[in-house]
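Results of the structural survey
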Amino acid sequence: MAIHKTKRTFVLIFFSLLVSLSLISCNKKKEEVIEFNETHPLSLAPDVEWALITDPYAAYRKDIEWNAEVTNHCRRGDILQVYAKSIDKQKTVWYKFEEGWLPETCLSIYSNRYKAQTAAENLKD
């Protein structure tokens, strides 16, 4: 009878240990998944939009017109914070960035930086 109780106690302790270890490992996995990059504090700001450059190369313009001076260039996969939006006489939508203006034809707009990053990763496929 004492051996039977000892076996039962051992089995209960063993299963308790297994359950505890599995819970600990599950919690560690969840912690690793939820990780935000603090490099861009406005990544999730509700009033900030983010652009993903979809053309292989795009030229920033000084003003919202195709003949305007080129101020710099960007590449496919670049993620940029949108500063302003405007429409020219031909009804082309332009977005303002730190380096200048880009037309909507060379980019996609996202409501937060993390969505833009996910889309950029999918561009590589």
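Residues numbered from 1 in each chain as written. Predicted model: local features only at pLDDT ≥ 70, side-chain atom pairs only at ≥ 80, totals over all residues. Heavy atoms only, no water.

In this section: the sheet that holds strand 1 (residues 50-53). Pairing in this open sheet of 3 strands is antiparallel, and the strands run 4-1-8 from one edge to the other. At either margin of the open sheet sits one strand with a lone partner, and together these are strand 4 (79-81) and strand 8 (107-110). On average, each strand axis in the sheet is tilted by 30 degrees relative to the strand beside it, whichever way the strands run. With 4 bridges joining them, strand 1 and strand 8 adopt antiparallel strand pairing. (Pairing = 2+ DSSP bridges. Helix = DSSP H or I, 4+ residues; strand = E, 2+ residues; numbered from the N terminus. Axes fitted to C-alpha atoms, helices over the stretch in contact; angles between N-to-C directions.)

We now examine the side chain of Arg61. Along the chain, Arg61 turns up in strand 2 (residues 57-61). The side chain of Arg61 sits in the buried core without any salt bridge; Glu65 is the nearest counter-charge, 8.8 Å away. Within the structure, Arg61 has its side chain in polar contact with the backbone oxygen of Ala68 (distance 3.1 Å). Other than its neighbours up to four places away in sequence, Arg61 contacts Trp66, Ala68, Glu69, Val70, Thr71, Trp94, Gly100 and Trp101. (Buried < 20%, exposed > 50% of the residue type's maximum accessible area, 1.4 Å probe, protein only. Lys, Arg positive; Asp, Glu negative; His and termini not counted. Salt bridge = Lys/Arg side-chain N within 4 Å of Asp/Glu carboxyl O. Polar contact = N/O pair within 3.5 Å; in protein donor to acceptor, adjacent residues only side chain to side chain. Contact = heavy atoms within 4.5 Å.)

It is characteristic of soluble globular proteins that their nonpolar side chains tend to be buried jointly. By size, the foremost hydrophobic cluster in this structure holds 13 residues, and its most contacted members are Ile53, Phe97, Leu102 and Leu107. Elements supplying a minimum of two residues to this core: strand 1, strand 2 and strand 6 (93-97). At 3 residues, the largest contribution of residues to this core is made by strand 6. Excluding its chain neighbours within four sequence positions, the residues that come into contact with Leu107 are Ala51, Leu52, Ile53, Thr54, Tyr95, Phe97 and Leu102. (Core = buried A, V, L, I, M, F, W, Y, C linked by side-chain atoms within 4.5 Å.)

This part takes up the state of the cysteines. Within the structure shown, the criterion is met by 0 disulfides. Here Cys106 is not disulfide-linked; the sulfur of Cys74 is the nearest cysteine sulfur, at 6.0 Å. Residue Cys106 is classed as buried on the basis of its relative accessible area of 3%. (Disulfide = S-S within 2.5 Å.)

For the rest of this paragraph, the subject is the pairing of strand 1. In strand 1, alternate side chains face the same way, and those of Trp50 and Leu52 on one face and Ala51 and Ile53 on the other are all buried. Both strand 1 and strand 4 contribute to a ladder of 3 bridges, which runs antiparallel. When the sheet's bridge partners are listed, Leu52 is paired in strand 4 with Ile79.

Confidence in the prediction for the chain averages 82 pLDDT; 69% of positions are at 70 or higher. Of the regions scoring below 50 in pLDDT, residues 27-34 engages in 0 contacts with residues more than four places distant in sequence or in other chains. (pLDDT = per-residue confidence, 0-100.)

Glancing now at the packing of aromatic side chains. For the coordinates displayed, the defined rule picks out 2 aromatic pairs. The interplanar angle of 65 degrees and the centroid separation of 6.4 Å between the aromatic rings of Tyr60 and Phe97 together place this pair among those described as edge-to-face. Here Tyr60, found in strand 2, pairs with Phe97, found in strand 6; they are 37 residues apart in sequence, far enough to count as distant. Residue classification places Phe97 among the buried residues on the basis of a relative accessible area of 2%. (Phe/Tyr/Trp six-rings, centres within 6.5 Å; stacked < 30°, edge-to-face > 60°.)

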